[in-house]
Structure formats: C-alpha cells, structure tokens
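Analysis of the macromolecular model
Here is how the chains run, residue by residue.
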Amino acid sequence: MKVSLKWLQNYFEKPLPNAEMVSDAYTFHAFEIDEMQGDMLDVKVLPNRAADCLSHRGLAKELAAILNIPFAKDPLAEALPDFPNSNKLSVEIEDSRKCLRYMGAVVRGVKVGPSPVWLKEAIESVGQRSINNVVDATNYVMLNIGQPLHAFDASKLSNPPAGGDGAVAIGIRNAKRGEKITTLSNEVYELSENIVVITDAHADAPIALAGIKGGKLAEVTMDTTDLVIESANFDGTTTRRAAQALKLFTDASLRFQNRPSPELAAYGMRDVLALITLIAGGEVECVVDEYPARPQVASVSVPLARINSVLGSDFSHAQAADVFRRLGLETRIERDVFTVTPSFERTDLIIPEDLVEEVGRILGYDQVPPTALPMPATAPDQSRFHGIERMKDQLIEQGFIEVSTQSFAKKGDILLANPLDKNMPALRITLEDNLKDALTRAKYVAPLVLAPNQKPKLFEVGTVFPKEGEFIELRMTERVPEWGLPAQTGESANTFDNLSIAKLEDYGKDYVPVRYDLGVYQPFSLYPFITRDVSMWISNSDEARGVVLRLFAERGSGILRQVQLVDQFTNKEGRQSLAFRLIFQSFERTLTDEEVNGVMEHIHAALASKGYEVR
Amino acid sequence: MNRDATSNGVNPEGRLHPISIAVREIADTFSRMGFGIAYGPELEDDWHNFTALNVPEDHPARDMQDTFWVRDPERGRSPSGDSGDKIKGNQGKVLRTHATSVTMRKLEDMAKSGATEMRMINPGKVFRNEATDMTHEAQFYQVDGLAVGPTGSVTLAHLKGTFDTFYREYFGPNTKVRFRPSFFGFTEPSVEIDVWFEVPGKEGRWLEMCGAGMLHPNVIRNAGLDPEKAQGFAFGGGLERLLMVKYGIPDIRLFYSGDIRFNYAFEEKKV
C-alpha cells in the first residue's frame, strides 16, 4: 500500500516526524516498508491487517498508536448521516454469501471535469493517475478509508419495461457461462458461472465485474450528469478466485480478498457522496442499502499474566493498559484482565493471543529480553542424523564427493499436476540418473578441481518417490563392498541403500560427524576450458620451478586458470624433467584452440629464452 | 625413477556438499541447546502442510501457482503407462512448502506419547512453485523447528535467546538479532528475525533470516494437545540464504546443480 506522508498528516494536529522515522516506526511495530521515495512510503501490510490497513486511515491510526501521538479525527468513529431514501433505485442480491452488502446511491446533476488540484496531487502522490473528479473521488475515498467504490453513468442504465417510473435497477448475480463483458480499459473478458457480475437488471446486462472492475457499458464520461454510486462488500474468496481466473488484479479486488468489514461500506458511501457533491456538484437523490446479515463483533479477554507468560516479558499493568488506549480499542479492565471489544474494522482481534501480539509489537519486541532455554531433562536425540552423517564421512574418506541434485525427473511414478518445467513432470524414483549425469560432468571438470590422480566418484543422499512410497536413498557411483542391501546383485550391487529403513540410530549414537570450516566462495567459470601439457628439461635446481611458474603467470594472457605439476623425474644422467598441465578458461567467453595455441607459442618461446629445453 | 611426484601416495579425500557442512554446524549448536533432529515426508498431505497449521481452506498459499500438487490419478495416466490407480494414495498430496509440516507431525507425536516437552529441528528440502532466478529456487532447504513445554516455560523471550545464540555461533560474536512483527497462520504472535551481519571489510547490514513465533493455539489443538497446558515456539528459515550470506555465494541455483566445482569453490579446513 503506497501512502503519502502529507496525506497521513491530515490525521494529526502535531507534525509527523520525517519519513525515515515513520518508516522505522512501521518496521518495528507493524509492517515492513518495501520502498521509500520522498514523501511516499510503500507499506507491506500483513495479511491479517489488510482488512483495515490498506488505507491511509488505517495506517495513520497505527502510527498514532506506535508514536503515541493523538489521532486527531477518525472518520470511522464519526456518526453516519441519515441517507435519503426513495424508490428510484432497486438492488437485488442473488447470493448473499457472495455479496455481503450492496449500497447504491443515485446522484443527479453532477458536472464531470478535471479534479481540483489538491485531489489530483493526492491521487498522484501515491502513484495513481488522475482521471476526472468523479472517478478520482471514488479512488480517493478508497485510498483514504479502504472501501472500494464505483460510479456508473445512470443514464446508460435501462428504464424499466413499460409503465415504470424511471427507477434504475442493479442486480448482483453469477455470470452466465460464456457471457462477455468489456471493461473500462476496453478488454473483453469471457466469464464463467463462478464470477459475480453487477448488472443493469432491467436489461440483464453486466455492467461490472463485482469487486474487480467496472464495465464500458455504463462508463462515466465527460458528458455524464447522473450517477449510480456503488459501495458494496463482496466475498473475499469469490473475488480472489475471479480475479485469478481473469488474471485481473485491481485495487478493489486486493481489498475485497482481504475481507474488510461490510460495515465499512456505509462510511465509504458517506464520504464519496460528500466529496462528489463538493467537487462535482449534483444532488443525492437516494441511497439504497441491501445488507442481509450484519456481522457480530465479539469481545476478547486476556489477563496480564498471560501476556507476560507468552512473551516472556515483565510488562506492567499500566504498560498493557496504555497499549490498548493508544490503539483506540474499547477496553474494560477488571483487576488484571483486559477485555477488548474491537471496533468493526479490526477483524483480526479474535483470540487472547491476538491481544498479546498487540502489546508485544506496540511496546516493541526489543523490550523482550533474550533468555536462554534451560536444558531439558533428557538429552536431545540426533542419533539418526549422526548415523547418516557417519556414512557420508566414510564415503568422503574413500574419496567420494557429495552432490545434491533436482528432485524433478522426466519420468516417475508420481506426476505433478503443475510442473514448473514441462519436461520434468515427475518426481525422481531413483538418484541413479541424476548421479550418472553429474558423474559425466564431474569427469569433464575433474582437471579443474581434482588432483591429477583423483578419480571422480560421487554420492548423493536424497529423497526418492517410487510408487511404494518415498524414502531416503543413498547412492554411489562406485561399489562400496561393505554396504548395500542384501538383495543387490549384478551391475548395481553395493551402490545404493535405503536409509529410511536402515537402522542408523545405534550406528550414529556415539558418532561425532567431522566438521569443516569453509573459506569465502571463489567463483568458477561456467565456460569450457582447454588443457595443454608442457614438459621440459631443467637444470638441477628448485629455483627453476619458481621461475617457470612465474613465467606461466606472466605469459598466460589472463586466461591461464590453473597450473598443475603432473610429473617430475630425474634421469640416469641426473637431468631433471618437469611436466605441467596448463588449464585455460575465461570467465567471459568460450576460448578457441587458436587463441590457446598462440599463448602456448609464447610460453614455449619464453621457456626457450630462459634456457629450458621443451621436450 | 619416481613418477609419482605430485602425490604422497595417499588417496585424496572427497568433499561434502556445503549444505551438509552447514547442517552439521547448525545441528551441533542446536544440540547444545537441547534440540534433537526430526525427519518427515517431502510428499505431504494437506493436513500436515496446510490445514493443521491453521492455513485456511481458501488461502492463496494453496493455489496452484505457489504449491506443487500431485496429479489427480483420476484424470490421467503416467507416461510409463502405469494405471493411475497405483498412486491413488497420493491423491491431494503436495510437495511440502515448508518443513513446518514436520513440526506438526512432532506435535502429534507429543500428543500420542503424552510427552510434555519437546525440542526439534527439521532440516529438509521444501518446494515452491515459482520461477527460479539467482535468489529463488523451486526446491531448497529449510531448517524448521519447535520448542514446546508446559504453559509459560517456553516463551518468545526464549525464542530470542535461542536465535541470539544460534546466529552468534554461526556468523560470529558481533552478530545481533532483532525481531519485527510478521504474520504466519501457525504462530501468534509472529515475528521476522533479522540478523546484523558484518562481512570483514564491508559495512554491516540487517538481513531477514527466519520467520518464527509462538505456536497458534489452533495448531496445538489440531495436534491433539491442550493449548491451556502446552505452549511453545516454532521457526523456519531458508538454509541456502545462511550460506549465501556467510560465504558470499551469488546464486542459489549452484546448490542443486550437481556440479562438483561447487564443493571445491571453498577453501576447506577440518575443524
């Protein structure tokens, strides 16, 4: 939720601290800040607070509690007016589980035009585009108190069949399969039954995707004079599924999917009617309110002792009481028990732990002292883990290298309904294929990382998913004669084991796995490498080796990655020979043979000039 | 004539994968704080991955774009021609999206055995159906865990103490830990654990490392325990991220590449 500090300031008489401090206040007491840009903060409102905090009012109220500064005016605490009633509009909800409330208003005689400067600036300060005074008013009220709103052009809705009195009719119903709607941005969507639409009921024509986006049919334009304003509440799951099916996520759908209280709709209607008549003129003819079931708000209690026994804190009665006061929560205090009756918009306060969280976060988790857990009566059991690690250590000792590979496979017994890679739709039933693959690559890169006499041997411990049920497999690329399941014969004998059934607890009980310190990561090039051998006669001195290595470094042209001494001997005449393997590789590109041959020529020439005879 | 100049005749040792090295280190620290190690299935049922953990029926986490679901055998046959019936038992299963499913199983074990306290870490592979890039993998390791005891004996302050110790041991004595408010269905209150980490020669910074909180009473109840009697904390964080920060590894995809150059990209010393 993008908020502007200037906008938040409307809620306070005292000037707010700077953006940095406001950001810290939210971060340590409420929500993370995704981005800060001058006057604008992008607040990552948590899912349990999205019902009331996807709004400037909600976030201002949080700030008031966190900074302990007076909240100057709360639009949700101000009484609602008596809306004018008439039969100029009718509303019919087909399924009250999908539309929890629908308020519609008719406003006549508005003048659509550009927004006043303050409104345009406010809308633009949070990254939105100003459209016209009527549309901006609906957006402003949504961004201000969190209630999504929509304005239709009333003159584009049908009159009743013969004999009517000019009343328009709004319907809220499931879309028909194959029904189409063109949205305000001129995209055409084909609908299915689980998407809810708002209709021009007399014509039974969809005019909006409920809780998502308005349609072209009743769009407000510069010529519009009469409006139908919608302030409604649509079910969260229905809205989310519809937005997902249509791949159309909007400010409205985001809010409805987080289930704001249907009570909020009346406040949204009050504010948007006031704003529209103020900046676009016109007169409110009527407001109709279809509200099948008003939600009950239940109170919740927590004793001070419970707060401290969950947090491990030592907060006082006065501190806890102060938190509830700062949050503006109606609280009854009886001895050490706090009973909170949440205001309608705080749909997140249900169980005692919710109140514990309010105290913890508002006072600050830095007030919770880090405390060591006393050791338990029984020693911790890590014997199975140590058993597995003991097997790994044995393999390491025998020269095996441990790899870890992907669990997805081309073929298997278990298929994914939604694989990430269509070529890997299954779960592996064995580690064998991946290990074979890894070995091929290990053989290729062996000169880069292994000692010249080291044979690449690999193993992996990982879960496999045959149809009989998953288990942890150990698999090696070479036989380890002492290991393996008794039934294993032939090719694969002694190359794998089922660690899920192996009795490893006793094997690991007293074993301490080998521990390693690692240095910082040294990047390696993913480009192919080229090797060249060079051997030479040298004079009988250790010095020569250093000279030759320096020479390689100087003449390697920045592409000589490694030098390995692969052979060294002294012949009968006492002459010494050195043989080196040179590995060329670039971090930027694939090297060519010609390029490496060129470097080798330079190296040979340099060796010769030092008096070494290249063999 | 000696033709074996480059080796002292000893067969060189192989190398452990860096994940194994890290898990050993973590297991050791946690064992000194009384934590055992628990295992659980990677192919998990809906109950242990979602429902029991207080993730509501219509939560976005259950959507196809976040979670890998096993194909409904009624609707298709596997390419090998096997009848779908053979895998019917896996219907509705998911690749676990967190190792908190193991925490749930351990809580159920407590209820069955009548134990009143338990401390476990669950290091294991988890899966998320998301596009991969340098910092995201569809499969990665998580270290989840729990500490539960009689009411009042395991608190948020203990969670802080536990992670203070753990991060100091893992990253060094200058490490600091802070909590920020967060939200997870299975904990209340929920916190995000940030770690102040100093790379030698660079400026220190706060990094988001782990999600945690006090087990939600519904979760304790779902396990068959009494939330009036049992209380505790749960946590879970990505393992690769710990290593990436500690050693400066730039790309998470290196971990499951099966490329042995990754094992050898570090100076290694036995402790």
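The rules behind each value
Residues numbered from 1 in each chain as written. Chains lettered and ligands numbered in written order. Predicted model: local features only at pLDDT ≥ 70, side-chain atom pairs only at ≥ 80, totals over all residues. Heavy atoms only, no water. Helix = DSSP H or I, 4+ residues; strand = E, 2+ residues; numbered from the N terminus. Rg over C-alpha atoms; globule rule 2.2 N^0.38 Å. Buried < 20%, exposed > 50% of the residue type's maximum accessible area, 1.4 Å probe, protein only. Contact = heavy atoms within 4.5 Å. Lys, Arg positive; Asp, Glu negative; His and termini not counted. Charge placed at Lys NZ, Arg CZ, Asp CG, Glu CD. Buried area = accessible area lost by both parts, 1.4 Å probe. Salt bridge = Lys/Arg side-chain N within 4 Å of Asp/Glu carboxyl O. Polar contact = N/O pair within 3.5 Å; in protein donor to acceptor, adjacent residues only side chain to side chain. Nonpolar A, V, L, I, M, F, W, Y, C, P; charged D, E, K, R; others polar. Pairing = 2+ DSSP bridges. Domains from an automatic or database assignment. Axes fitted to C-alpha atoms, helices over the stretch in contact; angles between N-to-C directions. Core = buried A, V, L, I, M, F, W, Y, C linked by side-chain atoms within 4.5 Å.

Considerations on the overall build of chain A
Counting its secondary structure elements, chain A contains 17 helices and 28 strands. Computed over its C-alpha atoms, the radius of gyration of chain A comes to 37 Å, more than 25% above the 25 Å expected for a compact globule of 615 residues. Along the three orthogonal principal directions, the C-alpha set of chain A runs to about 120 × 65 × 60 Å. Sorting the 615 residues of chain A into buried and exposed places 54% on the buried side. In chain A, of all internal contacts separated by at least 6 residues, the share reaching a separation of at least 24 is 67%. Computed over 66 positive and 85 negative side-chain charges, the inter-centroid distance for chain A is 4 Å.

Observations regarding the interface of chain B and chain A
With 114 residues of chain B at the interface, the matching set in chain A holds 105 residues. Of the roughly 9600 Å² buried between chain B and chain A, counting both surfaces, carbon and sulfur atoms make up 59%. At the boundary of chain B with chain A, the tally comes to 4 salt bridges. The shortest N-O distance in the salt bridge between Asp28 of chain B and Arg515 of chain A comes to 3.0 Å. Counting across the chain B and chain A interface gives 45 residue pairs in polar contact (both at pLDDT 80 or more). Taken together, the residues of the side of chain B that touches chain A sort by class into 49 nonpolar, 32 polar and 33 charged. As paired strands, strand β24 (residues 516–518) of chain A and strand β10 (residues 268–270) of chain B are joined by 3 bridges and run antiparallel to one another. Paired with Tyr516 of chain A across the bridge in β10 of chain B is Lys270 of chain B.

Focus on the domain arrangement of chain A
Interface size is commonly expressed as the accessible area that is lost once the parts come together. All names here are of chain A. For chain A, the domain assignment lists domain 1 (2–67), domain 2 (89–290), domain 3 (300–367), domain 4 (383–509) and domain 5 (530–614). Contact residues are listed per partner, giving 12 residues for domain 1 and 13 residues for domain 3. Surface buried jointly by domain 1 and domain 3 totals about 1000 Å² across both partners, of which 41% is contributed by carbon and sulfur atoms. In this structure, the salt-bridge partner of Glu345 is Arg57, at a minimum N-O distance of 2.9 Å.

Focus: the sheet that holds strand β2 (residues 32–37) of chain A
All names here are of chain A. On the basis of which strands lie adjacent, the open sheet formed by 3 strands has the order β1-β3-β2 and antiparallel pairing. At either end of the open sheet lies a strand with only one pairing partner, and these are β1 (2–4) and β2. The average undirected angle you get between the axes of adjacent strands in this sheet is 30°. Here 3 bridges tie β1 to strand β3 (residues 40–44), and the two strands are oriented antiparallel to one another. Paired with Val3 across the strands is Leu41, a residue of β3.

Observations regarding the nonpolar core
The nonpolar side chains of a soluble globular protein tend to be buried with one another. Tyr26, Leu59 and Ile229 of chain A together with Tyr167, Phe235, Leu239 and Ile249 of chain B are the most contacted members of the largest nonpolar core, which has 161 residues in total. With 11 residues, the single largest contributor to this core is helix α9 (residues 264–280) of chain A.

Some remarks on the sheet that holds strand β7 (residues 168–174) of chain A
All names here are of chain A. The strand order across the open sheet built from 5 strands is β4-β7-β10-β11-β12, with neighbouring strands paired in mixed fashion. Strand pairing shows two members of the sheet lacking a second neighbour, β4 (89–93) and β12 (213–214), which therefore form its edges. Across 5 bridges, the pairing between β4 and β7 is parallel. If you follow Leu89 over to β7, its bridge partner there is Val168.

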